[in-house]
Amino acid sequence: MPLVPSYIKQLSNYKPGKPIDEVKRELGIDNIIKLASNENPLGPSPKAKQAMESILRKVHRYPDASGYELRNKLSVKFNVNINNVVLGAGSEGIMSTIMRTFLLNDDELISAENSFIGFKVLAKASGKKTKWVPMKDNRYDLNAMAKQINDYTKIIYIANPDNPMGTYITKNEFEEFYSYVPDRVLIILDEAYFEYACDKKDYPDSMYYRYNNVITLRSFSKAYGLGGVRIGYGFAHDDLISNLMKVKVPFEPSMIAQVAGYAALEDSNFLKKTIEINKAGSKYLKNELDTLRISYIPSATNFITIFLESENKAKKIVDRLMKNGVIVRHLDSFGWPNYIRISIGIEEENKRFISTLKKCYEQYKL
Ligand SMILES: Cc1ncc(COP(=O)(O)O)c(C=O)c1O
């Protein structure tokens, strides 16, 4: 028997957006902006930052393994029982616990092809058969996904809104899809970008679908600016949650992460500002992209994905931007070679991105 299962050997390392320091080292330039990883351009929630600083003197202790304070706060805020709430080291941490808790023998998974890469890694590492259903017009094709359900289907994963497309499935689409899903099949609704999407009238806030087989995942990494802290949460039926609680890494999330999440939930000013800045940035970028006649996908998130005529052109643009100190994300490794994802920044970052993009087009006659 091989030491490493073949489905693990075949995996490749996750390639994150280039860190600023790496680009500084490689190119010897100083003034760099990173619009590549959908992080909050305002930094962390100030209340969370303060809470983290004040808990530092206590970190010789292990954290509360049950995450009581934060789970309780979330249960009050979202009007559910504490037994319906789970925490994790990011929503990806919970996703990983879900895979370890529920997958068995011949179970299969269904998701969209080339959607969130974090789920793809977990699905592949599980060794289970996954049906990757192609997107249609850069959106999840729920009709096609429903047709793939069979007796072995255990988990269906939907990123809503999706990363890297930024598109979302609507209430009607979800409700119709749900009518085809047997009760024994778990649906993960990954709402990492919930706060950016929830004001759309036809967006299906999964809290209205607290069915026994629906798991909601949310994150503090985006709208609350805590990506580096690794804190996320989920809601589901208490039977699912109680089993997730048995399987989760006992002391996850860390003490720092728990207090950061708690304080972030009280930082409504920061959240408001985050959403406002994102809206203004999105409007500005769309106008400028229209002027430049660059096609983009309508986004309900904190990023905009553009698409070019060829992989070569996309690659050239990403390289030129990088050489000029602007890091964006070429989506070739996500399976979208003609696409580039740009995180929406603060005003001066967005302006710098657009002016550098214009310069690249003029200089290199793209
Ligand atoms: C769709 C989606 N889900 C989950 C995550 C990860 O969230 P977290 O940092 O909470 O693990 C991301 C991060 O980019 C994402 O885009």
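See the structure shown above.
In this text, all values refer to a predicted model and were calculated from it rather than measured experimentally. Along each chain, residue indices are assigned from 1 in the same order as the chain's sequence is written. Selection of residues for local features in this predicted model requires a pLDDT of at least 70, selection of side-chain atom pairs for listing and counting requires 80 or more, and totals for whole chains, interfaces and linings are taken over all residues. Note: side-chain values were computed over all heavy atoms of the structure, leaving out hydrogens and water.

## Some details on the site of the ligand
Phase 1: Looking at the ligand, the residues that line it are Gly 90, Ser 91, Glu 92, Phe 116, Asn 163, Asp 190, Ala 192, Tyr 193, Ser 219, Ser 221, Lys 222 and Arg 230.
Phase 2: Note that a nitrogen atom of the ligand is positioned 2.6 Å from one of the side-chain N or O atoms of Asp 190.
Phase 3: Whenever two N or O atoms come within 3.5 Å, that pair is a polar contact, provided that in protein one can donate a hydrogen and the other can accept it, and provided that, for residues adjacent in sequence, both atoms are side-chain atoms. Note that an oxygen atom of the ligand is positioned 2.7 Å from one of the side-chain N or O atoms of Tyr 193.
Phase 4: Here the ligand loses 93% of its free accessible area of 400 Å² to cover by the protein chains.
Phase 5: Most atoms of the ligand, that is more than half of them, are within 2 Å of grid points of the largest pocket.
Phase 6: Going along the chain from the N terminus, every DSSP run of H or I of four or more residues is numbered as a helix, and every run of E of two or more is numbered as a strand. The element best represented in the shell around the ligand is helix 5 (residues 90–102), accounting for three residues.
Phase 7: Classification used: nonpolar for Ala, Val, Leu, Ile, Met, Phe, Trp, Tyr, Cys and Pro, charged for Asp, Glu, Lys and Arg, polar for all others including Gly. For the shell around the ligand, the class distribution of residues is three nonpolar, five polar and four charged. Near residues are defined by distance, with any heavy atom within 4 Å of the molecule or strand qualifying the residue. Values of accessible area rely on a 1.4 Å probe in the Shrake-Rupley scheme; residue burial ignores everything except the protein chains shown. In this analysis a 1.4 Å probe is tested at points of a 1 Å grid over the protein atoms alone, and where it fits but cannot get out there is a cavity; an open set with protein on both sides within 12 Å along at least five of seven lines is a pocket; lining residues have an atom within 4 Å of a point. In this description, a molecule resides in a pocket or cavity if more than half of its atoms sit within 2 Å of the grid points defining it.

## Focus on the packing of helix 5 against helix 6 (residues 117–126)
Phase 1: Their axes nearest at 10 Å, the elements helix 5 and helix 6 cross at an angle of 25°. Put simply, helix 5 runs roughly parallel to helix 6. The handedness of the crossing between helix 5 and helix 6 comes out as right-handed. Contacts between helix 5 and helix 6 involve Glu 92, Met 95, Ser 96 and Met 99 on the former and, on the latter, Gly 118, Phe 119, Leu 122 and Ala 123.
Phase 2: A breakdown of the residues in the contact of helix 5 with helix 6 according to their chemical character gives five nonpolar, two polar and one charged. Each axis is a line fitted through C-alpha atoms, and for a helix only the stretch in contact is used; angles between axes span 0 to 180 degrees, taken between their N-to-C directions. Each angle gets one of four labels, with under 35 degrees taken as roughly parallel, over 145 as roughly antiparallel, 65 to 115 as roughly perpendicular, and the rest as oblique. The sense of a crossing depends on the near helix, which, turned anticlockwise from the far helix by less than a right angle, makes the crossing left-handed and, turned clockwise, makes it right-handed. In what follows, a contact means two residues having at least one pair of non-hydrogen atoms within 4.5 Å.

## A closer look at a nonpolar patch on the surface
Phase 1: Like charges are joined within 9 Å and nonpolar side chains (Val, Leu, Ile, Met, Phe, Trp, Tyr) within 5 Å, but only among residues with over 30% relative accessible area and no salt bridge; these make up the patches. Salt bridge criterion: a side-chain nitrogen from Lys or Arg within 4 Å of a carboxyl oxygen from Asp or Glu. On the surface, Leu 3, Val 4, Tyr 7 and Ile 8 cluster together to form a nonpolar patch covering roughly 380 Å² of accessible area.
Phase 2: Among the secondary structure elements, Ile 8 is positioned in helix 1 (residues 6–9).
Phase 3: Burial classification: accessible surface area is computed with a 1.4 Å probe over protein chains only, and a residue below 20% of its type maximum counts as buried, one above 50% as exposed, and the rest as partly exposed. Residue Ile 8 is classed as partly exposed on the basis of its relative accessible area, which comes to 33%.

## A look at the environment of Lys 131
Phase 1: Mapped onto the secondary structure, Lys 131 falls in strand 4 (residues 129–133).
Phase 2: Separated by 19 residues in sequence, Lys 131 and Ala 112 place their C-alpha atoms 8.0 Å apart.
Phase 3: Sequence-distant contacts of Lys 131, that is, excluding residues within four places in its chain, are made with Glu 108, Leu 109, Ile 110, Ser 111, Gln 148 and Asn 150.
Phase 4: At 3.3 Å, the side chain of Lys 131 forms a polar contact with the backbone oxygen of Gln 148.

## Things to note about the pattern of salt bridges
Phase 1: For the structure on display, the rule yields 14 salt bridges.
Phase 2: With its nearest N and O atoms 4.0 Å apart, the salt bridge here joins Lys 49 to Glu 53. Residue Lys 49 and its partner Glu 53 are located together in helix 3 (residues 46–55), separated by four residues, close to a single helical turn.
Phase 3: Of the charged contacts in the structure, one is a salt bridge between Arg 218 and Glu 191, with a shortest N-O distance of 2.8 Å. Of this pair, Arg 218 sits in strand 7 (residues 214–219) while Glu 191 is found in the loop between strand 6 (186–190) and helix 9 (194–197), placing the two residues 27 residues apart along the sequence.
Phase 4: What you see here is one network of salt bridges that share partners, running through Glu 191, Asp 205 and Arg 218.

## A closer look at the packing of aromatic side chains
Phase 1: Planes of paired rings set the category: under 30 degrees apart is stacked, over 60 is edge-to-face and the rest tilted, where pairs are Phe, Tyr or Trp rings (Trp by its six-membered ring) whose centres lie within 6.5 Å. Counted under the stated rule, the structure contains 17 aromatic pairs.
Phase 2: Ring centres of Phe 119 and Trp 132 lie 6.0 Å apart, and the angle between their planes is 75°; this geometry places the pair in the edge-to-face category. Remark: Trp 132 occurs in strand 4 and Phe 119 occurs in helix 6; sequence separation between them is 13 residues.
Phase 3: Its relative accessible area of 0% is what places Phe 119 among the buried residues.
Phase 4: On the numbers, 5.9 Å between centres and 65° between planes, the contact of Tyr 168 with Tyr 203 is edge-to-face. Note that Tyr 168 is positioned in the loop between strand 5 (153–159) and helix 8 (171–178) and Tyr 203 in the loop between helix 9 and strand 7, a separation of 35 residues in sequence. Here the two residues Tyr 168 and Tyr 203 agree in accessibility, since each one is buried.
Phase 5: Cluster of aromatic residues (ring-pair linked, three or more members): Phe 78, Phe 220, Tyr 224, Tyr 233 and Phe 235.

## A look at the side chain of Lys 222
Phase 1: Mapped onto the fold, Lys 222 is located in the loop between strand 7 and strand 8 (232–235).
Phase 2: All tallies of charge rest on Lys and Arg as positive and Asp and Glu as negative; His and the ends of each chain are not included. One buried charged residue, Lys 222, remains without a salt bridge, the closest side chain of opposite sign being Glu 39 at 7.3 Å.
Phase 3: Filtering out sequence-adjacent residues up to four positions away, Lys 222 remains in contact with Ser 37, Asn 38, Asn 40, Ala 192, Tyr 193, Tyr 196 and Asn 302.

## Brief notes about the pairing of strand 4
Phase 1: One requirement defines pairing of two strands: DSSP has to find at least two bridges between them. As defined by bridge partners, strand 3 (residues 108–112) adjoins strand 4 across five bridges and the pair is classed as parallel. Looking at strand 4, one finds that Glu 108 is bridged to Lys 129.
Phase 2: If you view a crossover with the strands going away from you and the path from the first strand over the helix to the second runs clockwise, you call it right-handed. Running through helix 6, the crossover from strand 3 to the neighbouring parallel element strand 4 is right-handed.

## Re the layout of surface pockets
Phase 1: Grid points are joined across faces, edges and corners, and a volume is the space filled by probe spheres set on the points. Reported here for the largest pocket is a volume of approximately 640 Å³.
Phase 2: The wall of the largest pocket is formed by 31 residues, among which Tyr 14, Ser 37, Glu 92, Phe 116 and Lys 222 lie closest to the centre.
Phase 3: Every element with two or more residues in the lining of the largest pocket is listed here: helix 5, helix 6 and strand 5.
Phase 4: Of the residues forming the lining of the largest pocket, the biggest block, four residues, is contributed by helix 6.

## Overview of the pairing of strand 8
Phase 1: Burial of strand 8 is two-sided: the residues Gly 232 and Gly 234 facing one way and the residues Tyr 233 and Phe 235 facing the other way are all buried.
Phase 2: Of the strand pairs in this sheet, strand 2 (residues 85–88) and strand 8 are connected by four bridges, and their pairing is antiparallel. Residue pairing across strands places Gly 88 opposite Gly 232, the latter belonging to strand 8.
Phase 3: Sheet topology places strand 7 next to strand 8; four bridges connect them, and they run antiparallel. Along strand 8, the bridge assignment pairs Ser 219 with Gly 232.

Spatial relationships are all this shows, so hold off on functional conclusions.
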